[in-house]
Amino acid sequence: MKTALQLLLLLAVAAVPGSLFPQRQANPAVVTKYLQDNPDLGPWLDRVQLFDVYSSVWFSAIYLLLFVSLVGCVTPRAIHHAKALRSRPPRTPRRLARMPQHGTIELGPDTGITATTAVEAGARILRRRRYRIDLRDADTETPSVAAERGYIKETGNVLFHTALIGVLVSVAVGGMFGYRGQKLVIEDEGFTNTELGYDSFFPGTSFSADSMIPFSVTLNDFDVTFDRNPDSYGNPIDFAADMTVQDGPSASSRDEILRVNEPIGFSGTNVYLIGNGYAPVVTVRDGDGNIALQGPIPSLPNDATYNSTVVIKAPDARPDQLGFVGFFLPTAMVDENGAAFGSDPDPMNPQLNLNSYYGDLGLDSGVPVNVYELDTAGLTQLNGRNLPDGGIVLSARSTHELPEGKGSISFDGLKRYVALDVVYDPGKLGALVFTTAALLGLITTLMVSRRRAWIRAKTLPDGRTTVEYGLLARGEDHGLAGEALKIGRALTEQFSDEIDRSRKATS
C-alpha cells in the first residue's frame, strides 16, 4: 500500500509538465511554434517527451507500475478477507475487564437463570444486532459466546481498491482504442465521420479506423435565443442546431436537434455542441479579376455580443497572395470618436472591418499554421486606419476595391456555424461502473465499524450467576461506548423478562 501511495503521488507529479508545456496531441501547431521560438531548448524537451507527456514512456511506466502495485496489494488482501469471512469469531479473552468497554450483570440465586441460559440469551441479542456469533464451552461451568460484525467494512475496502484497478483499466482502454475530434460545420454543410473529415483529430495509441462508425451530419439551421429583458439583455437562453443525420451510407436520414449537454449518439460515439459563431460569406478577386476565394469564413467570437475576429487568406490570388485581418460586428454602431463597436449579438447590422495585406502568406512552406491567425511580418499592408486609403468597412452586399489594383473583396451574406466535439470512448461505461463501485466501497468503509463482542456467564457456589460482557473495536470507533450501553441494557431487559416468565410459571 505504501508503494501504491508513493506511485500515485509520483503520477501526480509526472502530470505537471503536461500543464507547463504545450502538448502535441492537443495542439501540434503550438508545439511547432514553440520549437521554432526555442531552437536550443525545444529539441531537448522533445527528446524527453515533454510535449507528449501522457503518452510518454516514463509516464506510462509509472501508470503501469501503479496498476501492478494495486493488483499486488488487493489480491492478497482479498484472499485473506475471503478466508476471514469463513472463519469463526476469535475466542473469548480470559479477562474481559481489560476490554475498552465492558460490564457485569449479577443475577440472584432465585432467578432460575443458569450460565448456559444467560449465554444463549446473550447470543440471541447479539444476533439481533447483526453480529455473527459462535457459542463456546456450552457444556462447561463458564460458557461464552464470541461475536463479530462489520466484515462488510473490509469488503468495502477491497471493493474500493478493486474498483480503482477497474478505473485504471477503463481509462487505459479509452486511451488506447478511443478517439476525439473537433469539426466546425457551417450552415448547409456537413461532414462524414472519417479521420480526414476533422479539423483536429486525436486518436488513441491503438486506434483503428475500422472502429469509426461512418455516420454523417448536416447543419440545416442554427437558432440562438437571446434574452431581451433589460436586466439580462443579450444573454443566451437556448442554442438549437437543426441537424440531418445518417447512421451509415445505407441508412435512412433523420432530423435531430442538437443542444448543449444533449449530444446526438451513434452507437457509442457522441456528438457534442461546444461552440458557435458567425461566418461572413465573402468573395475575393485578385488583380487579374479572377475569383481567388469565395465562401463563408468562420469568425471567432470575443465577447457576449459576438464581436469576432476574422482572418481571410487568399493564397490563389495573382499576381500577389492576399490576406485580410480584422473583426466582424453582428450589429455595428459608431461611437462619438468614429470607432465601430458591436451592440447586440443578433445580426441586425452586420459589418466587416478589415486591414488588407499582400505578399507571401507562408502557406507553401509545409509548416503547419493556424488558420485563424495571419503572420503579417513579411507582408505589405494595403489598407489600415493609419494608411491613406484607410481601413476596409463592409456592410452586407457591399464591395471594396483594393489599392494598387490588387483586386477587391465583397461581403455577400452571413451564415452561422457550430463547433462540434465528437468523442468515442469505449472505456466510458466501465469507468462509470467502477467509479460508482469505488464510491460505494469508500462509503461502506467510512460508515461501517468493525466490532467484536464477547459474553461469558458463570454460576457461583452460592447460586448466583454473573454475566460479563466486553467489546473491542478494530480501529478507532467513537460509537463503541454507545454499543456497549445498548448491549448491557438489552441483556438487563432480557433477563428481567426471563425472571418474570419464570415466576409466573412457578405461581
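Residues numbered from 1 in each chain as written. Predicted model: local features only at pLDDT ≥ 70, side-chain atom pairs only at ≥ 80, totals over all residues. Heavy atoms only, no water.

Participant: Which residues make up the overall build of the chain, and what are the values?
Facilitator: Scanning the chain from terminus to terminus reveals nine helices and 24 strands. A compact globule built from 507 residues should have a C-alpha radius of gyration of about 23 Å, whereas the chain, at 38 Å, is more than 25% larger. The buried share of the chain, taken over its 507 residues, is 42%. A sequence separation of at least 24 residues applies to 63% of the contacts in the chain between residues at least 6 apart. Once the 47 positive and 57 negative side-chain charges of the chain are each reduced to a mean point, those two points are 21 Å apart. (Helix = DSSP H or I, 4+ residues; strand = E, 2+ residues; numbered from the N terminus. Rg over C-alpha atoms; globule rule 2.2 N^0.38 Å. Buried < 20%, exposed > 50% of the residue type's maximum accessible area, 1.4 Å probe, protein only. Contact = heavy atoms within 4.5 Å. Lys, Arg positive; Asp, Glu negative; His and termini not counted. Charge placed at Lys NZ, Arg CZ, Asp CG, Glu CD.)

Participant: How would you explain the sheet that holds strand 1 (residues 101–107) if you had to name every residue and give the values?
Facilitator: Read from one edge of the open sheet, five strands run 1-24-23-3-2, paired in antiparallel fashion. This sheet does not close on itself; its edge strands, each paired only once, are strand 1 and strand 2 (132–136). Sheet twist, expressed as the mean angle between neighbouring strand axes with direction ignored, is 15°. Pairing geometry for strand 3 (residues 144–149) and strand 23 (residues 451–459), over six bridges, is antiparallel. Among the inter-strand pairings, S144 is bridged to a residue of strand 23, identified as R456. (Pairing = 2+ DSSP bridges. Axes fitted to C-alpha atoms, helices over the stretch in contact; angles between N-to-C directions.)

Participant: Can you explain the side chain of D477? Please cite residues and give values.
Facilitator: When you line up the elements, D477 lands in the loop between strand 24 (465–473) and helix 9 (480–506). Separated by 2.9 Å, the side chain of D477 and the backbone nitrogen of G479 make a polar contact. For D477, the residues in contact, after removing those within four places along its chain, are S449 and R451. (Polar contact = N/O pair within 3.5 Å; in protein donor to acceptor, adjacent residues only side chain to side chain.)

Participant: Requested: an account of a nonpolar patch on the surface, with residues and values cited.
Facilitator: Taken together, the side chains of L439, L442, I443, L446 and M447 present a nonpolar region at the surface, about 530 Å² in accessible area. Mapped onto the secondary structure, L442 falls in helix 8 (residues 428–447). (Patch = residues over 30% accessible without salt bridge, like charges linked within 9 Å, V, L, I, M, F, W, Y side chains within 5 Å. Areas by Shrake-Rupley, 256 points an atom, 1.4 Å probe, with all protein chains shown as cover. Salt bridge = Lys/Arg side-chain N within 4 Å of Asp/Glu carboxyl O.)

Participant: Could you give me a rundown of the packing of aromatic side chains, with the residues and numbers involved?
Facilitator: For any pair of aromatic rings, the description rests on two quantities: the centre-to-centre distance and the angle between the ring planes. Using the criterion set out here, one finds 18 aromatic pairs in the structure. Aromatic pair F191 and F215: ring centres 6.5 Å apart, planes at 80°, arrangement edge-to-face. With a gap of 24 residues between them, F191 in strand 5 (residues 190–192) and F215 in the loop between strand 6 (200–203) and strand 7 (216–226) connect regions that are remote in the sequence. Per residue, the accessibility class of F191 equals that of F215, and both read buried. Within the aromatic cluster, the residues linked to one another by ring pairs are Y179, F191, Y198, F201, F207, F215, F266 and Y424. Residue placement shows K406 over the ring face of Y358; its charged tip is 4.1 Å from the ring centre. The positively charged end of R450 is found above the aromatic ring belonging to Y151, 4.6 Å away from the centroid. (Phe/Tyr/Trp six-rings, centres within 6.5 Å; stacked < 30°, edge-to-face > 60°. Lys NZ or Arg CZ within 6 Å of the ring centre and 35° of its normal.)

Participant: With reference to specific residues and values, describe the pattern of salt bridges.
Facilitator: Applying the stated criterion across every chain, the model contains 21 salt bridges. E148 serves as the salt-bridge partner of R452, at 3.0 Å between the closest nitrogen and oxygen. Of this pair, R452 sits in strand 23 while E148 sits in strand 3; the two residues are 304 residues apart in sequence, bridging distant segments of the chain. Here E148 falls in the buried class, since its relative accessible area comes to 3%. Here R451 and E483 are joined by a salt bridge, their closest N and O atoms 3.4 Å apart. Within this pair, whereas R451 is found in strand 23, its partner E483 is found in helix 9, the two being separated by 32 residues in sequence. Sharing partners across several salt bridges, the network here consists of R129, R149, R451, D477 and E483.

Participant: How would you sum up the packing of helix 5 (residues 57–86) against helix 7 (residues 151–177)? Please name residues and give values.
Facilitator: Contact geometry for helix 5 and helix 7: axes closest at 10 Å, N-to-C directions at 150°. By the angle between their axes, helix 5 is roughly antiparallel relative to helix 7. In this structure, the crossing between helix 5 and helix 7 has a hand that is left-handed. A breakdown of the residues in the contact of helix 5 with helix 7 according to their chemical character gives 17 nonpolar, five polar and two charged. (Parallel < 35°, antiparallel > 145°, perpendicular 65-115°, else oblique. Left-handed = near helix turned anticlockwise from the far one by under 90°. Nonpolar A, V, L, I, M, F, W, Y, C, P; charged D, E, K, R; others polar.)

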